[in-house]
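# Commentary on secondary and tertiary structure
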Amino acid sequence: MDLSPLQKARYAYTPKLPGMLRHGISEICVQEGSATQSVADQAKIKELFPNTYGKNEITFQKGKNTAPAKKQVVGVILSGGQAPGGHNVVCGLYDALKATNSENVLLGFKNGPSGLIEDDYLTFDDAYIDQFRNTGGFDIIGSGRTKLETEEQFAVAAQVCEKHGITAIVIIGGDDSNTNAAVLAEYFAAHNTGVQVIGCPKTIDGDLKNEDIECSFGFDTATKIYSELIGNIERDANSAKKYWHFIKVMGRSASHVALECALETQPNICLISEEVSAKKMSLSTIADYIADSVEKRAAKGLNFGVAIIPEGVVEFVPEFSMLIAEINELLAGSKAIAFNALATWKEKYEFIEKGLSKEAMAVFAILPEGIQQQLFLERDPHGNVQVSLIESEKLFSALVKDKLAQRKKAGTYTGKFNPLHHFFGYEGRCAFPSNFDADYCYSLGYNAFMLIQYGYNGYLSKVSNLSKPAEEWVAEGMPITKMMNIERRHGEDKPVIKKALVELDGKPFQYFAAHRDQWAVETAYTYPGAIQYFGPAEVCDLTTRTLALEKG
Ligand code: FBP
């Protein structure tokens, strides 16, 4: 295999462990903390998790390792969207497992949770794992979005574990995958399988965090990549002085990615979905808000700008959600066949006009035709509109264009508006992990093995104090049930890990809110540049602004 110079150099990088895990496996002991309870709905969660609920928080410390000597066969699964650092979780897990006993075995189930059910796996050895150290991607075993959630799947999983003599499963995933890890742990305990389940917090979206989990891995690297690109675009905009750039960034639901990029690059506009929802902003209000910035800058001769749009924003616009619900209803079941049989867009438009309420039609009518067609043509296998495919960056630039045309007529605006569009998502998910993610992920994997060795089940590998140098990080374990509450999902009450949305009274948003009016009018861009892997710690080991503001 041909290697790039950076790839070679990254193979040689030694990830930093928390100080307390640096003494060698025989020198790591466990300190039990207090019993836990779930963040809400305690009685219900306790009833659903009788074997794994209420367990103690734990911290690892320097001291004699008292874990029972036992051969460990561990299975690892990568679940959901890629996030930089996933390979290092596997490497940290492997290194701790082999350092404890060279007879221990690590199996990797392929292509996500389905690999466990299909018994599709590989066995790791040094030569294989060494090709993936400190690299991006999930290609070490692949990932997938199959959910492990039914009793039938759990029974098959138990059989597969028994067949291989598996003592523990490590699931590396987001809120849904770790919810399912907790349910699997409970099943294994209830059926006395002796198999432990440990979760690790992953997702570039940054929405798996709470008072215990300071951040999910991958968020640091992905936002640094997007911020570099946005900074480069800002500099281009400020050089050419002729384009307004509308940049959509990933984040299926929460706007942590958009907010972090805004803190890093100080664009003219950044929408925050959670604020759109809280203020019940309409499409027209949002378009006016952006158009105000365009107009004020134009008055200063600045006919350029940068606007960041979070991927999931349209779902947070109340009138848009109402429109989507009506479209789903309009095309439910056989009604879709009648719609699809119509030959021209004109005929289809008439059908839509007849079927939607006056309020929904008013929203539909202001959308650009491309977006209107997208809403009806690209639907999922259940016939629902695929909101994630909506090109919201184009939607908002078109709405702003209309607003500016009206303002031109009214004589209040005389500038030029040339929009360009970008979507940054996949560019960041498989990047070489930053030093922070390389270190954090390796530590999560290493720590996951310590939890296994000490016999914990239904725990999340937790590494905290992350805004400090790695030496001061704290290696811990936390029962997953502690993060759970009951939510309504698909018409049923379900125990789930609470998704963390951007808190409007939190420090990162407050900082942004205090500066955005100035950024909207002035050219206050900052240019973070590319991730630095080698060099001074103050450049290379920087955490995110979000983490610094939350914990600093
Ligand atoms: P996870 O929540 O599984 O980590 O994935 C998040 C994400 O990267 C979102 O930002 C994005 O909306 C989505 O995955 C894209 O999914 P896919 O890879 O299936 O296209």
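Everything that follows concerns the structure shown earlier in this document.
Residues numbered from 1 in each chain as written. Predicted model: local features only at pLDDT ≥ 70, side-chain atom pairs only at ≥ 80, totals over all residues. Heavy atoms only, no water.

### Looking at the overall build of the protein
To keep things clear, this is the line we draw: For helices the rule is a DSSP run of H or I covering at least 4 residues; for strands it is a run of E covering at least 2, with both sets numbered from the N terminus onward. A simple rule labels every residue: compare its accessible area, found with a 1.4 Å probe on the protein chains alone, to the largest value its type can have, and call it buried under 20%, exposed over 50%, or partly exposed in between. Note on definitions: a residue-residue contact is assigned when non-hydrogen atoms from the two residues lie within 4.5 Å. Areas reported as accessible are Shrake-Rupley estimates using a 1.4 Å probe. Residue values count occlusion only from the protein chains shown. As used throughout, the charge tally considers Lys and Arg to be positive and Asp and Glu to be negative, leaving His and the chain termini uncounted. A charged residue contributes its charge at one atom only: NZ of Lys, CZ of Arg, CG of Asp or CD of Glu.
Secondary structure summary: the protein contains 22 helices and 15 strands in total. Considered along the principal axes of its C-alpha atoms, the protein spans approximately 80 × 60 × 50 Å. Each of the 552 residues in the protein was classed as buried or not, and the buried ones make up 56%. Nonlocal contacts in the protein, meaning residues at least 24 apart in sequence, comprise 78% of its contacts between residues at least 6 apart. Taken as a whole, the protein presents about 22,400 Å² of accessible surface, with 51% of it coming from carbon and sulfur. Taking the average location of the 56 positive side-chain charges in the protein and that of its 69 negative ones, the two points are 4 Å from each other.

### Focus: the packing of aromatic side chains
Put simply, the rule reads: Pairing of aromatic side chains here covers Phe, Tyr and the six-membered ring of Trp, requires ring centres within 6.5 Å, and sorts the geometry by plane angle: under 30 degrees stacked, over 60 edge-to-face, intermediate tilted. For a Lys NZ or an Arg CZ to count as sitting over a ring, it must be within 6 Å of the ring centre and within 35 degrees of the ring normal.
Overall, the coordinates contain 22 aromatic pairs when judged by the stated rule. When the centroid spacing of 6.1 Å and the interplanar angle of 35 degrees are considered together, the rings of Y442 and Y446 count as tilted. Residue Y442 and its partner Y446 are both found in helix α19 (residues 435–453); the two are separated by four residues, about one turn of the helix. Of the two residues examined, Y442 and Y446, each falls in the buried class. Put simply, the rings of F339, W345, Y349, F351, F364 and F376 touch in pairs and so form one group of aromatic residues. Lying across the ring of Y13, R10 places its NZ or CZ 4.3 Å from the centre. The ring of Y511 is capped by R545, whose NZ or CZ atom sits 5.2 Å from the centre of that ring.

### Here's the deal with the sheet that holds strand β13 (residues 474–479)
For the record, the criterion: Two strands qualify as a pair provided that DSSP identifies no fewer than 2 bridges between them. Axis lines are fitted through C-alpha atoms, for helices just across the contact stretch, and the angle between N-to-C directions can take any value from 0 to 180 degrees.
Pairing within the open sheet is mixed, and its nine strands lie in the order β1-β2-β13-β12-β7-β6-β3-β4-β5. Looking along the sheet, the strands with just one partner apiece sit at the ends: β1 (28–35) and β5 (121–123). Each neighbouring strand pair of the sheet contributes to a mean axis angle of 25 degrees, computed without reference to strand direction. Sheet topology places strand β12 (residues 459–464) next to β13; six bridges connect them, and they run antiparallel. By the bridge assignment, V463 is partnered in β13 with A475.

### Observations regarding the pattern of salt bridges
Heads up, the condition is: Whenever Lys or Arg places a side-chain nitrogen within 4 Å of a carboxyl oxygen from Asp or Glu, that contact is recorded as a salt bridge.
Enumeration over the complete set of coordinates arrives at 27 salt bridges. Residues R133 and D130 are paired through a salt bridge, measuring 2.8 Å at the closest nitrogen-oxygen approach. In this structure, R407 and D288 form a salt bridge, with 2.9 Å as the shortest nitrogen-oxygen distance. Remark: D288 occurs in helix α11 (residues 283–299) and R407 occurs in helix α17 (residues 392–410); sequence separation between them is 119 residues. We classify R407 as buried; its relative accessible area is 12%. Counted as one network, the salt bridges with shared partners bring together E57, E211, D212, K462, E476 and K482.

### Side note on the site of the ligand
Just so we agree on the cut-off: Near residues are defined by distance, with any heavy atom within 4 Å of the molecule or strand qualifying the residue. By the criterion applied in these results, polar contacts are pairs of N or O atoms within 3.5 Å in which, for protein atoms, one can donate a hydrogen and the other can accept it, and in which residues neighboring in sequence qualify only through two side-chain atoms. Residues were grouped as follows: Ala, Val, Leu, Ile, Met, Phe, Trp, Tyr, Cys and Pro as nonpolar; Asp, Glu, Lys and Arg as charged; and all remaining residues, including Gly, as polar.
Taken together, the neighbourhood of the ligand is formed by 13 residues, with G81, T203, D205, Y426 and R429 sitting nearest. T203 is positioned with one of its side-chain polar atoms (N or O) 2.9 Å from an oxygen atom of the ligand. In this structure, E311 approaches the ligand through a side-chain N or O atom, which is 3.0 Å from an oxygen atom. If the ligand stood free it would expose 490 Å²; the protein chains cover 79% of that surface. Residues of the shell around the ligand, tallied by class, amount to three nonpolar, four polar and six charged.

### Things to note about the sheet that holds strand β11 (residues 419–424)
Pairing is parallel in the open sheet, where four strands are placed in the order β9-β10-β8-β11. Two strands in the sheet have a free side with no partner beyond their single neighbour: β9 (269–270) and β11. Looking at chain direction, β9 and strand β10 (residues 305–310) are connected through two bridges and run parallel. Residue pairing across strands places C270 opposite I308, the latter belonging to β10. Contacting β8 (244–249), β9 and β10, helix α9 (residues 256–265) runs over the sheet at an angle of about 155 degrees to β10.

### Quick notes on helix α14 (residues 345–355)
Stated formally: As used here, the arc belongs to the directions running from the helix axis to the C-beta atoms.
Listing the buried residues of α14 in full gives W345, K348 and I352. Mapping the buried residues of α14 onto a view down its axis gives an arc of 60 degrees, with all of them on the same face. Of the residues in α14, the exposed ones pointing more than 90 degrees away from the buried face are K346 and K354. Buried-residue contacts for α14 involve α12 (318–330), α13 (335–341), α15 (358–366) and α16 (369–377).

### Brief notes about the packing of α14 against α15
Under the convention used in this document: Roughly parallel means an angle under 35 degrees; roughly antiparallel, over 145; roughly perpendicular, 65 to 115; everything else is oblique.
One way to put it is that α14 packs onto α15 with a least axis distance of 10 Å and a crossing angle of 150 degrees. Here α14 is positioned roughly antiparallel relative to α15, judged by the angle of their axes. Judged by residue contacts, W345, Y349, I352 and E353 of α14 engage M361, F364 and A365 from α15. Each residue belonging to the contact of α14 with α15 can be placed in one class, and the counts come to six nonpolar, no polar and one charged.

### Concerning α19
Put simply, the test is: Expected span of a helix: the number of residues minus one, times 1.5 Å.
With 19 residues, α19 extends 27 Å between its outermost C-alpha atoms, agreeing within 8% with the 27 Å of an ideal straight helix rising 1.5 Å per residue. Most of α19 is tucked away: 19 of the 19 residues are buried.

### Describing the pairing of strand β3 (residues 73–78)
Of all the six residues making up β3, six are buried; the element is thus mostly covered by neighbouring parts of the structure. A two-sided burial pattern is seen for β3, the buried positions comprising V73, G75 and I77 on one face and V74, V76 and L78 on the other. When β3 meets strand β4 (residues 105–109), the two strands line up parallel, connected through four bridges. Considered in β4, the bridge of V76 is made with G108. Sheet topology places β3 next to strand β6 (residues 168–173); five bridges connect them, and they run parallel. When the bridges of β6 are listed, I77 appears paired with I171.

Function cannot be read off these values alone, since they describe shape.
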